[in-house]
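If you want the building blocks of each chain, they are given just below.
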Amino acid sequence: MEKTENILKINNVSVDYGFLRAVNNASLDVNTGEIVVLLGANGSGKSSLLKAILGLNKASNGSVQFLGKDITHVPTDKIVASGICLIPEGRGILPLMTVMENLELGAYYLKNDFKKYLEDVYQLFPILRERGKQMAGSLSGGEQQMLSIGRGMMSAPKLMMLDEPSLGLSPVLVNDIFQVINHLREAGHTILLAEQNARKALQIADRGYLFEKGDIVLSGLVKEIIDDPKIKDAYLGGG
Amino acid sequence: MSGIITTFIQLSTVYILLGWGMFLVWRVGQLYVGSIFTMIIGAYGSAYLVKALGWPFPAALAAVVLAGALIAFIFSFGFARVSGFACGIGTIALLFIAQAIVWSIHAFGGVHGYFGVPMPEYILVLALASLLIVGFLIYNLVHSRLGRAIEVVNTDINLANTLGINVYKLRITLQTAAGAIGALAGVIYSFTMGMVQVQNIGVGVLLELIVFFFVGGSSTMWGILIFAPVLYSFHLFLPSSIAMFTDLIFGILLIVIMMLRPEGIIGKDMFKGIRRKLQK
Amino acid sequence: MENVTLQVILAQLINGIAIGSIYGLLTTGLNLLLVVCGVWHYAYPYVVVFSMYLAWLVHRNTGNIALTLLTAFIAGIAISLITEPLFRPLSKKSEGAPIGTFILSTGILVILADLMNNVFIRLGFTAGSVVGFPQIAGNSLIQFGLSSLTYGQAIMVIGTVISVALLFYLLYRTKLGKSFRAVSQDRVAAQLLGIPTLKTRLNAFTVAGVLGGMSSVFLIIALAQASATISDYLAIKVFAIALFAGVGNLPGGLICGLFFGVFESFLVSFLPGESGAVWGNAIAFILILATVLFRPRGIFGSRV
């Protein structure tokens, strides 16, 4: 039985865009093997926080700790190399390179077992095996999302962060994606997820944080917060 | 007044005028050295008109300034459309072309240069008057509605487009103005030096102008006004053991500024600070 | 009679391809720095010529040809790398290729040009504004009538072919090359992939330095002299070729460099006298100016 440990600890982090405060003193934790979901409307701060974790946004105050180490001001590529991957909104793939090349680049820091990781990705997304030599830009929206997750898997991450994975996908594909995320958790991954679609997200998540205009207004185990009236607003707003 | 001082003032004015020409177009997002190109036209044109054809000086002055504006205007149809960088390379290429053309015209003295240009005393007056008049016009432009439109273009060109600002037309206008100013600078130059050699005023001026303009401050008209004389004086007034390394110093200055404070020494933040103090 | 004309044409063609190789290598190096590092390195051709100066100093002191050429090559790489950190603050500030990098590189070129034109003379390193090299590999490899293909020209052409092949192998078959392409396509996506920004920059500057170092060696062979004026013309031509082909377009720049070399070679030989070279340059500039004015994205399309 694996002891659960704290993978990510965010302490009072704020993110400012000029005079606009996108995230206001947010604190949260992610532990091994969990799916933690950040809920809230568009522009409520979820994406900004994910980017701040990776160093794409500057944290105006507070700290981000990953596996006990302070990564608040570490450059993005070093953070990624240490085991956090972000599957960003808008797919985050390189459209002018082939599917295979995208997956290879995902494995940039992978020392061994490239074939094993690749096989895991193909098992989960057989369509990527077929489309190996195609330009990533020519894939459909759903396929691009799969590629994005696949290349995230190739980096053997200790923490996977997904930013609005269901955005722009048809309901059938949305179901598929959430099944994939669940499968990833069963395979041992730890997942931090930002989602507008509260209904689907709460079906698979362990814990959740609700964002409203940059503040965290609700947090806790899913089974505890799911009946909170603020969550019902989130259902109506996002899903 | 001593000859060196008057020459210094007149030549500083040349740099300031050229810098202002560059400034106008830089603020709408393009690197433009067309004012140096029209300077060549102005310098050779006015010198030839006066010395070889016997035109009266004011007529020659008016003629070349108009020619400068016209030529810049014609080229601007192409240059106003392209990226800031392409404009820079294109106008630099113009300088090399001008150099080749001038060198092959025997009437202009070819490679050796054009000599025997009169150096009348009233050039000093012309220089100072040009500074005042052009400076006044630019100051008013910057503080006008058009000036605010220019600022929007500088901040965010897409925003400018959505606000209905015609960037293309704006660039044509400013490039034409820069062309006129450049020609004026050329006249002052050749009648100060008494001669023109294109290798000294084309590519030769380019690098110094870039140093003066970007070190001095590229976001306001005051940067070049103050720093052209300051930096140009290095050549003349530094002790000779240091003066021979002036170019090295210029290069280092430019690199340091672009690394640490890319907007140049005199920036808009200075004015905000002064304004705040005045309001107290 | 026709035979002689054909030989002259062939000689100009070979000369053109040799010079064109240099243009092609430099344009490629420039494009690489532009797309991977977001730097308009106008001083890059000056670094190349400056390396020739350093090589000349070595030659003056040792007379050893191999050492001279090696110096040119290594200096090209080393000096390119030295200029890399200067561009970092600007690259951090903005996306894409800020024009500030062009301005900064003019600062570098002012220093290099002054060293070549002024400081070296004052310090007694060189005697004038032009330094001369002995003719290297000037013997003919193949003779046809009055003209010939020299060893030097053959080295240049073969050297270029090999380096281009290696470069494209690098770009399309190695991890490093993939990271170059990734960064040039989407810098943020590349960061998300964990591609190390600094290491990739340094690698790109090194590759550009290698191309520059080779150009330096070839220029010594082809021109047998170096001066700051050569770097002025080289810089504007190489940048103009890049614009003509489409900035950031690596294969396009390479091809256009070659064509430009051939074009220039024929132009200079058909125009009379000394002004031939001057007009050769000017007509080339006019051609490129026309591109900037009428087809700003270049003939092969820009990648930036």
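Residues numbered from 1 in each chain as written. Chains lettered and ligands numbered in written order. Predicted model: local features only at pLDDT ≥ 70, side-chain atom pairs only at ≥ 80, totals over all residues. Heavy atoms only, no water.

### Looking at the nonpolar core
Among soluble globular proteins, nonpolar side chains are generally buried collectively. Formed by 194 residues in total, the largest nonpolar core has its most connected members in Trp20(B), Phe212(B), Tyr42(C) and Phe102(C). Ranked by size, the runner-up nonpolar core spans 44 residues in total, among them Leu118(A), Tyr122(A), Ile149(A) and Val180(A). (Core = buried A, V, L, I, M, F, W, Y, C linked by side-chain atoms within 4.5 Å. Buried < 20%, exposed > 50% of the residue type's maximum accessible area, 1.4 Å probe, protein only.)

### A word on the interface of chain A and chain C
Across the boundary between the two partners, chain A contributes 17 residues, which contact 17 residues of chain C. Carbon and sulfur atoms supply 64% of the area buried between chain A and chain C, which totals about 1,700 Å² over both sides. Between the two partners, chain A and chain C, sit two salt bridges. Its salt-bridge partner being Arg181(C), residue Glu101(A) comes within 3.2 Å of it at the nearest N-O pair. Where chain A packs against chain C, one counts four residue pairs in polar contact (both at pLDDT 80 or more). (Contact = heavy atoms within 4.5 Å. Buried area = accessible area lost by both parts, 1.4 Å probe. Salt bridge = Lys/Arg side-chain N within 4 Å of Asp/Glu carboxyl O. Polar contact = N/O pair within 3.5 Å; in protein donor to acceptor, adjacent residues only side chain to side chain.)

### A word on the interface of chain B and chain C
Frequently, the measure chosen for interface size is the accessible area that the parts lose on association. Counting residues at the interface gives 36 residues for chain B, matched by 38 residues for chain C. Summing both partners gives a buried area of about 3,400 Å² for chain B against chain C, and 85% of it is carried by carbon and sulfur. Counting the surface chain B buries against chain C, the share from its top three residues, Phe85(B), Phe96(B) and Met259(B), is 19%. In this structure, the connection of chain B to chain C is made through zero salt bridges. At the level of secondary structure, the elements contributing two or more residues to the side of chain B that touches chain C comprise helix H3 (57-79), helix H4 (84-104), helix H10 (203-216) and helix H13 (246-260) of chain B. Here the element with the most residues in the side of chain B that touches chain C is H4(B); it accounts for 15 residues. Per-class residue counts for the side of chain B that touches chain C are 28 nonpolar, six polar and two charged. (Helix = DSSP H or I, 4+ residues; strand = E, 2+ residues; numbered from the N terminus. Nonpolar A, V, L, I, M, F, W, Y, C, P; charged D, E, K, R; others polar.)

### Regarding the packing of aromatic side chains
All told, the structure shown has 35 aromatic pairs over all chains when counted by the stated rule. Measuring from centroid to centroid gives 4.9 Å for Phe213(B) and Phe214(B), while their planes differ by 80°, and the two rings are edge-to-face. Both residues of the pair, Phe213(B) and Phe214(B), count as buried. Linked through ring pairs, Phe8(B), Tyr15(B), Phe212(B), Tyr232(B), Phe234(B), Phe237(B) and Phe250(B) together constitute an aromatic cluster. The cationic tip of Lys116(A) hangs over the ring face of Tyr117(A); the distance from NZ or CZ to the ring centre is 5.1 Å. For Lys175(C), the ring lying beneath its charged end belongs to Tyr108(A), and the centroid distance is 4.5 Å. (Phe/Tyr/Trp six-rings, centres within 6.5 Å; stacked < 30°, edge-to-face > 60°. Lys NZ or Arg CZ within 6 Å of the ring centre and 35° of its normal.)

### Side note on the sheet that holds strand E3 (residues 35-39) of chain A
All names here are of chain A. Overall, mixed pairing links the six strands, which are arranged E6-E7-E8-E3-E9-E10 in an open sheet. In this open sheet, the two edge strands, each paired with only one partner strand, are strand E6 (84-87) and strand E10 (215-221). Each strand axis lies, on average, 15° off the axis of its neighbour in the sheet, ignoring direction. One ladder, built from four bridges, connects E3 with strand E9 (residues 207-212); its direction is parallel. Residue Leu39 lies in a different strand from E9, and its bridge partner there is Leu210. Of the strands in this sheet, E6 and strand E7 (159-163) touch helix H6 (residues 141-153), which is tilted by about 175° from E6. Here helix H7 (residues 171-186) sits on the sheet and contacts E3, E7 and strand E8 (191-195); the angle it forms with E8, its principal contact strand, is near 160°. (Pairing = 2+ DSSP bridges. Axes fitted to C-alpha atoms, helices over the stretch in contact; angles between N-to-C directions.)

### Things to note about the confidence of the model for chain C
All names here are of chain C. Predicted confidence across chain C gives a mean pLDDT of 86, with 94% of residues reaching 70 or more. For chain C, the element scoring lowest by mean pLDDT is strand E2 (residues 140-144), at 72; helix H3 (residues 65-83) scores highest, at 94. Reported confidences for the modelled complex are a pTM of 0.85 and an ipTM of 0.90. (pLDDT = per-residue confidence, 0-100.)

### Section: the environment of Cys256(C)
Residues and elements named next belong to chain C. Relative to the elements of secondary structure, Cys256 occurs in helix H11 (residues 250-270). For the pair Cys256 and Thr197, spaced 59 residues apart in the sequence, the C-alpha separation amounts to 30 Å. If we ignore the near neighbours within four places in the chain, the residues touching Cys256 are Ile241, Phe244, Ala245, Ile299 and Phe300.

### Considering the sheet that holds strand E5 (residues 69-70) of chain A
Residues and elements named next belong to chain A. Ordered in space as E2-E1-E4-E5, the four strands form an open sheet in which the pairing is antiparallel. Two strands in the sheet have a free side with no partner beyond their single neighbour: strand E2 (20-31) and E5. Strands strand E1 (6-17), E2 and strand E4 (59-66) of the sheet are contacted by helix H1 (residues 46-54), whose axis makes an angle of about 115° with E1.

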